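Observations on chain architecture
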Amino acid sequence: FPSLCRVAMCVGKCSRIVGPCLLVLGTLSVAANILLLFPGGSSKYLAEGHISKHAKAMPGIWGGGIAVSTAVSTASFLACLWSREEGMEQVAPLHPPSTFSFPQLALLGAAACFVLSGVGLTNGPLCFYNASEHGHGHGTLWGYPFLDAGSQELDARTENYLHDRHTWSICLEPAGVVAWNVILFSLLLLVSATEMVLASLQILNGCLGCLCGFCEGK
């Protein structure tokens, strides 16, 4: 299978770039989620507990950040050990399949971050708003104004909230929280989607590497 081995070599070269890219994306994911905990750059609302539940779930930290970065770092470390063992011709060298599960962990973490970030973007931010405008009571309170608009269908409500910036002014506190929420959750969606693609490439590289090694063994 010479053509298969050539493909494996090509994907292997690409994987040298994929690892560092995943580390950068993981760091960006952590930074975006941390910023979600401080709307407007203020720690006041975190101390008071007035932070969106999806931001407090921190999918960008444990999912798109720690899971991805740890998987990439560990896989690279084991691959380095395997290369040294192969060069020293040890009796029981460490084989590449032992690192195959780490890209899967990265893919799982990125997927969890993608789903939770999508839900956070759909539901909108937690803010101090005028409930009487939605017919759910009188006065102002803390809640999810776009999620509480129960008279609308989910898709229509989300579309209106994301595309009609005039509705963003309903949130009185924190200042600019809707834009803060939309930008950072959208960034997490973009980052986690890219991580899923790169992690899938790493898994493909592992499969082709195993097949190529099997062919060479024959």
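What counts and how
- Residues numbered from 1 in each chain as written.
- Predicted model: local features only at pLDDT ≥ 70, side-chain atom pairs only at ≥ 80, totals over all residues.
- Heavy atoms only, no water.
- Helix = DSSP H or I, 4+ residues; strand = E, 2+ residues; numbered from the N terminus.
- Buried < 20%, exposed > 50% of the residue type's maximum accessible area, 1.4 Å probe, protein only.
- Contact = heavy atoms within 4.5 Å.
- Salt bridge = Lys/Arg side-chain N within 4 Å of Asp/Glu carboxyl O.
- Polar contact = N/O pair within 3.5 Å; in protein donor to acceptor, adjacent residues only side chain to side chain.
- Phe/Tyr/Trp six-rings, centres within 6.5 Å; stacked < 30°, edge-to-face > 60°.
- Lys NZ or Arg CZ within 6 Å of the ring centre and 35° of its normal.
- Pairing = 2+ DSSP bridges.
- Axes fitted to C-alpha atoms, helices over the stretch in contact; angles between N-to-C directions.
- Disulfide = S-S within 2.5 Å.

With that settled, the discussion passes to the overall build of the protein. Looking only at helices and strands, the protein features 7 helices and 3 strands. Listing each helix as α and each strand as β along the protein from the N terminus yields α-α-α-α-α-β-β-α-β-α. Out of the 218 residues in the protein, the part that is buried amounts to 38%. A fraction of 70% describes how many contacts in the protein between residues 6 or more apart in sequence connect residues 24 or more apart.

Here we take up the pattern of salt bridges. For the structure on display, the rule yields 1 salt bridge. Here lysine 44 and glutamate 173 are joined by a salt bridge, their closest N and O atoms 3.7 Å apart. Pair noted here: lysine 44 is in helix 2 (residues 44–48) and glutamate 173 is in strand 3 (residues 171–173), with a separation of 129 residues, a long-range link. When its relative accessible area of 40% is taken as the criterion, lysine 44 is described as partly exposed.

With that settled, consider the side chain of serine 192. Along the chain, serine 192 turns up in helix 7 (residues 177–217). Look at serine 192 and you get buried, because its relative accessible area is 0%. Polar side-chain contacts of serine 192 include one of 2.7 Å to the backbone oxygen of leucine 188. Look past the residues within four positions of serine 192 in its chain and what remains in contact with it is Ala110, Cys113 and Phe114.

Two descriptors summarise a pair of aromatic rings, namely the distance from one centre to the other and the angle between the planes of the rings. A full pass over the atoms with the stated rule returns 3 aromatic pairs. When the ring of phenylalanine 146 is compared with that of tyrosine 161, the centres are 4.4 Å apart and the planes differ by 25 degrees; the resulting orientation is stacked. Of this pair, phenylalanine 146 sits in the loop between strand 2 (140–143) and helix 6 (154–163) while tyrosine 161 sits in helix 6; the two residues are 15 residues apart in sequence, bridging distant segments of the chain. The exposure classification of phenylalanine 146 matches that of tyrosine 161, with both residues buried. The ring of tyrosine 144 carries lysine 53 above its face, with NZ or CZ at 5.7 Å from the centroid.

The next point concerns the sheet that holds strand 2. Spatial ordering of the open sheet is given by 2-1-3, a layout of 3 strands whose pairing is antiparallel. Every other strand in the sheet has two partners, leaving strand 2 and strand 3 as the edge strands with one partner each. Sheet twist, expressed as the mean angle between neighbouring strand axes with direction ignored, is 45 degrees. Direction of pairing for strand 1 (residues 127–130) relative to strand 2: antiparallel, over a ladder of 4 bridges.

What follows deals with the state of the cysteines. Here a disulfide denotes one covalent bond, and it connects the sulfur atoms of two cysteines. Using the criterion set out here, one finds 1 disulfide in the structure. In this model, cysteine 127 is linked to cysteine 171 through a disulfide, with the two sulfur atoms separated by 2.1 Å. One disulfide, between cysteine 127 and cysteine 171, carries an S-S torsion of -60 degrees and so falls in the left-handed class. Within this pair, whereas cysteine 127 is found in strand 1, its partner cysteine 171 is found in strand 3, the two being separated by 44 residues in sequence.

Structurally, the position occupied by serine 69 is in helix 4 (residues 59–88). On the basis of relative accessibility, which here comes to 19%, the residue serine 69 falls in the buried class. Leaving out residues up to four positions away in the same chain, serine 69 has contacts with Leu23 and Gly26.

A cis amide bond links glutamate 173 to the next residue, proline 174, at an omega of -15 degrees. Along the chain, proline 174 turns up in the loop between strand 3 and helix 7. Unlike most non-glycine residues, methionine 58 shows phi in positive territory, near 55 degrees. If you trace the backbone, methionine 58 turns up in the loop between helix 3 (53–56) and helix 4.

Another point: the pairing of strand 1. Only one face of strand 1 is covered, namely the face carrying Cys127 and Tyr129; the face carrying Phe128 and Asn130 is uncovered. Bridge count for strand 1 against strand 3 is 2 bridges, and the pairing is antiparallel. Considered in strand 3, the bridge of phenylalanine 128 is made with glutamate 173.

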